[in-house]
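Spelled out, the chains give:
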Amino acid sequence: SMSVVPTAIVEDSATLVTPTGTIAGTLEMPARATPVPVVLIIAGSGPTDRNGNTPALPGSNNSLKMLASGLAERGIASLRYDKRGIAGSRAAMTKEEDARFTAFVDDASAWIRQLREDPRFSTITIAGHSEGSLIGMIAANDAGADGFVSLEGAGRNAKDILAEQLAAQLPPNVVDNAKNMMSKIELGQKVDSVPPFLAALFRPSVQPYLQSWFRLTPSVEIAKLRIPVLIVQGTTDIQVS
């Protein structure tokens, strides 16, 4: 039978069912005959949604939505999604103390496996932005992606980056206190007495998440990949130098 080549770029909703709830995404298909390459786009940290927007910053930057459009114009499909706990996937995250970095990796791995079973797609490449870079490189290894792109990913452990960010705005004794707490958290020890001005970062309910994150160093994880890797770093990023 003749394959019908779509004449327009089409956006469609996509869902990933997980044991704790549904993850919501957007599948963007190019105007060309399938199978096509697909890129799984993973957003950065905090309440950043599938389009790259966050309530933490005024207005919409739509960075990931524009990335998806640019790929579609070049004949490449993409899937971008709201991470668990964020926007359309809010219900998939139960309580803050249940959050783990590894759960974000598990979700990305599950998306890769779901895309792999879809006959519309040929190769699967992961593109992770900022914190999504670390999520993506581990998922790419776990679930066997064909390629990996790091967009403004940190190369160092989160403990070192946090210590550096704190040192830029707080006195040395406070930074030493924070480093001490991070070392304990990494070992799985609960730190109950957190000074108020560090509570946003280290409150007890986020410590299990931090522990799961501190155990992963991007430069170590990326070395495990045996697939093509592209590392993209801009010169004006305020978070990653």
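Predicted model, so just to flag it, every value in this text is computed and none were measured. (Residues numbered from 1 in each chain as written. Predicted model: local features only at pLDDT ≥ 70, side-chain atom pairs only at ≥ 80, totals over all residues. Heavy atoms only, no water.)

A. Main features of the packing of aromatic side chains. All told, the structure shown has six aromatic pairs when counted by the stated rule. Measuring from centroid to centroid gives 6.1 Å for Phe104 and Tyr209, while their planes differ by 75°, and the two rings are edge-to-face. Here Phe104, found in helix α2 (residues 101-116), pairs with Tyr209, found in helix α7 (residues 207-214); they are 105 residues apart in sequence, far enough to count as distant. Under the relative-accessibility criterion, Phe104 is labelled buried at 10%. (Phe/Tyr/Trp six-rings, centres within 6.5 Å; stacked < 30°, edge-to-face > 60°. Helix = DSSP H or I, 4+ residues; strand = E, 2+ residues; numbered from the N terminus. Buried < 20%, exposed > 50% of the residue type's maximum accessible area, 1.4 Å probe, protein only.)

B. Main features of α7. The buried fraction of α7 amounts to six of the eight residues, a majority that puts the element mostly inside the structure. Buried within α7 are the following residues: Gln207, Tyr209, Leu210, Ser212, Trp213 and Phe214. Here the buried face of α7 lies against α2, α3 (131-143), α4 (158-167), α5 (172-186) and α6 (199-202). (Contact = heavy atoms within 4.5 Å.)

C. Inspection of the nonpolar core at higher detail. Core analysis: the biggest nonpolar cluster contains 54 residues, and Leu40, Ile126 and Phe202 have the highest contact counts within it. If near-sequence neighbours (up to four positions away) are discounted, Phe202 is found in contact with Leu166, Ala178, Met181, Met182, Ile185, Val194, Gln207 and Leu210. With nine residues, the next largest nonpolar core counts Ala43, Leu64, Ala68 and Leu151 among its residues. (Core = buried A, V, L, I, M, F, W, Y, C linked by side-chain atoms within 4.5 Å.)

D. The arrangement of the packing of α2 against α7 in detail. Interhelical geometry of α2 versus α7 gives an angle of 65° and a closest axis separation of 7 Å. Counting all contacts with α2, which are made through Phe101, Thr102 and Phe104, the residues of α7 involved are Tyr209, Ser212 and Trp213. In the contact of α2 with α7, the residues fall into four nonpolar, two polar and no charged. (Axes fitted to C-alpha atoms, helices over the stretch in contact; angles between N-to-C directions. Nonpolar A, V, L, I, M, F, W, Y, C, P; charged D, E, K, R; others polar.)

E. Molecular detail of the pairing of strand β1 (residues 10-18). Relative to strand β2 (residues 21-29), β1 runs antiparallel, the two sharing nine bridges. Residue Ala14 lies in a different strand from β2, and its bridge partner there is Gly25. The turn joining β1 and β2, which pair antiparallel and follow one another in sequence, is formed by two residues. (Pairing = 2+ DSSP bridges.)

F. Layout of the environment of Gly188. Counting through the fold element by element, Gly188 comes out in the loop between α5 and α6. Spatially, the C-alpha atom of Gly188 lies 11 Å from that of Pro204, the residues being 16 residues apart in sequence.

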